[in-house]
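Residue-level structure breakdown
Listed below are the residues making up each chain.
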Amino acid sequence: MNALYGLFLVCALALVALMGVGGAGLTGLFGIAIPYVAVAVFIVGFAMKIFDWAKSPVPFRIPTTAGQQKSLDWIPYNRFDNPVNNRDTVVRMILEVVTFRSLFRNTSAHLGKNPQGGPQVAYFSEKWLWLAAILFHYSFLTILIRHMRFFTEPVPWLFQKLDWADSVLQIGQPALYQTDLLIMAGLLWLLARRIFYPRIRYLSNAADYFALFLILGIVISGIYMRYVAHVDIVAIKQYSMSLVMFSPTIPETISPAFFVHFFLVCVLLIYFPFSKLMHLGGVFLSPTRNLPNDTRINHHENPWNPKIKPHSYEAYEDDFREAMVEAGLPVVKQPDEAGAEK
Ligand code: HEM
């Protein structure tokens, strides 16, 4: 049911754009007002979320440790899975962001039988999620960078080379981008996992499906424009450059299919800062990842602790020695011994 909500919402949004532009001719609304509002909401919303997280106190060291801690000199330790200084923590963060290492360690639990026939939980390595996540994120990034050709003039060398590399197989006309296939494979797997795995389906809510269907909607409408509708790219480039230069003009030859694609992108921008997609920025602020595990090396104090003057046992005994002796309690120093020291 949650999957249907997500699908229905994305189809409704696509229809709104199609009818708004194709039927009601609201190109000004969909082509100028909504895109500018969407970019503003994205930038302000993203910055506010990051600011909010950045100013949250982190009173405890809670790095996730995934390897031998630094200990005695002759015990080799795992510097990137259990970093003790800022440099190794930065390396760990880069490796996490670039290769999704923690996801690579993902396991799935299965209930089996032990030799006596009783129940036994077993954990198996589960790499498919990692593979689909890598496929999806890298394809998405490549597509975004390639799209910069619509917003730059002249198109920088790097973007041109990426475009060339992504269509190097020269299949069809216009040439097929490999990332179009890969992102579809990644997205469909991520979706199928939520729909067909009973345990994941149980955990999935409408927002999980909405994000996937929204991105799928953007990708499918993009693929449709390139390989089926053959939209007027020159007019679209003229339009997107005019948006960047803050003097928007909308050529009449732009097909409504483009506005469906573009409107879904605007919805994504508006939705992004308030959704789980903010893990893009949040990963850098996660105390389980951005803190070195140095609690055995440095003394950390919780800034929330009230300022209490320490009271050692020696001082305690000095304060109450007579009363303790009177009550028959054992003391380290007898009253005369303590008096002689004074
Ligand atoms: C979240 C952002 C976006 C995603 C994920 C996305 C995705 C895609 C995909 C997968 C395609 C198929 C062809 C290709 O891979 O290049 C495509 C095509 C296209 N997209 Fe986007 N897009 C996004 C944003 C935009 C924006 C902001 C524009 C505005 C100019 C745009 C305009 C187009 C056009 C004109 C095509 C057809 C390209 C062609 O015929 O070669 N897209 N998009």
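Residues numbered from 1 in each chain as written. Predicted model: local features only at pLDDT ≥ 70, side-chain atom pairs only at ≥ 80, totals over all residues. Heavy atoms only, no water.

The name an unreviewed UniProt entry assigns to the protein chain is Nitrate reductase gamma subunit, from the organism Alkalidesulfovibrio alkalitolerans DSM 16529. Its UniProt record gives the protein chain the following Subcellular location (unreviewed entry) comment, quoted word for word: "Cell membrane". (UniProt positions renumbered as here; feature names shortened; annotations may be inferred.)

Below, the discussion takes up the environment of M148. With respect to the helices and strands, the residue M148 is situated in the loop between helix 5 (128-147) and helix 6 (157-166). Under the relative-accessibility criterion, M148 is labelled partly exposed at 32%. (Helix = DSSP H or I, 4+ residues; strand = E, 2+ residues; numbered from the N terminus. Buried < 20%, exposed > 50% of the residue type's maximum accessible area, 1.4 Å probe, protein only.)

A few words now on the pattern of salt bridges. Summed over all chains, the structure comprises 14 salt bridges. R101 serves as the salt-bridge partner of D81, at 3.1 Å between the closest nitrogen and oxygen. Within this pair, whereas D81 is found in the loop between helix 2 (27-54) and helix 3 (86-99), its partner R101 is found in helix 4 (residues 101-104), the two being separated by 20 residues in sequence. Here D208 ties to R194 by a salt bridge, and the two come within 3.8 Å at their closest N and O atoms. Note that D208 is positioned in helix 9 (residues 206-229) and R194 in helix 7 (residues 178-196), a separation of 14 residues in sequence. Both residues of the pair, D208 and R194, belong to the buried class. Residues joined in a network through salt bridges with shared partners are R79, R87 and D88. (Salt bridge = Lys/Arg side-chain N within 4 Å of Asp/Glu carboxyl O.)

Turning next to the nonpolar core. Residues F30, L187, L214, I254, F258 and F263 are the most contacted members of the largest nonpolar core, which totals 48 residues. Elements represented by at least two residues in this core include exactly helix 1 (2-23), helix 2, helix 5, helix 7, helix 9, helix 10 (233-244) and helix 11 (256-271). For this core, the leading source of residues is helix 9, giving 11 residues. Apart from the residues lying within four places of it in its own chain, the contact partners of L187 are F136, L212, I215, L216 and V219. (Core = buried A, V, L, I, M, F, W, Y, C linked by side-chain atoms within 4.5 Å. Contact = heavy atoms within 4.5 Å.)

In this section: helix 2. Taking 1.5 Å of rise per residue, the 28 residues of helix 2 would be expected to cover 40 Å, and the 39 Å separating its terminal C-alpha atoms lies within 8% of that figure. Largest kink in helix 2: about 35°, centred on I34, with the proline P35 one to four residues after it. For helix 2, every residue scored as buried is listed here: F30, G31, I34, P35, A38, G45 and F46. (Expected span 1.5 Å × (residues − 1). Bend = angle between axes of the 7 residues up to and from the residue.)

Moving on, we come to the domain arrangement of the protein chain. According to the domain assignment, the protein chain contains domain 1 (2-290) and domain 2 (311-342). Between domain 1 and domain 2, the C-alpha centre-to-centre distance is 67 Å. (Domains from an automatic or database assignment.)

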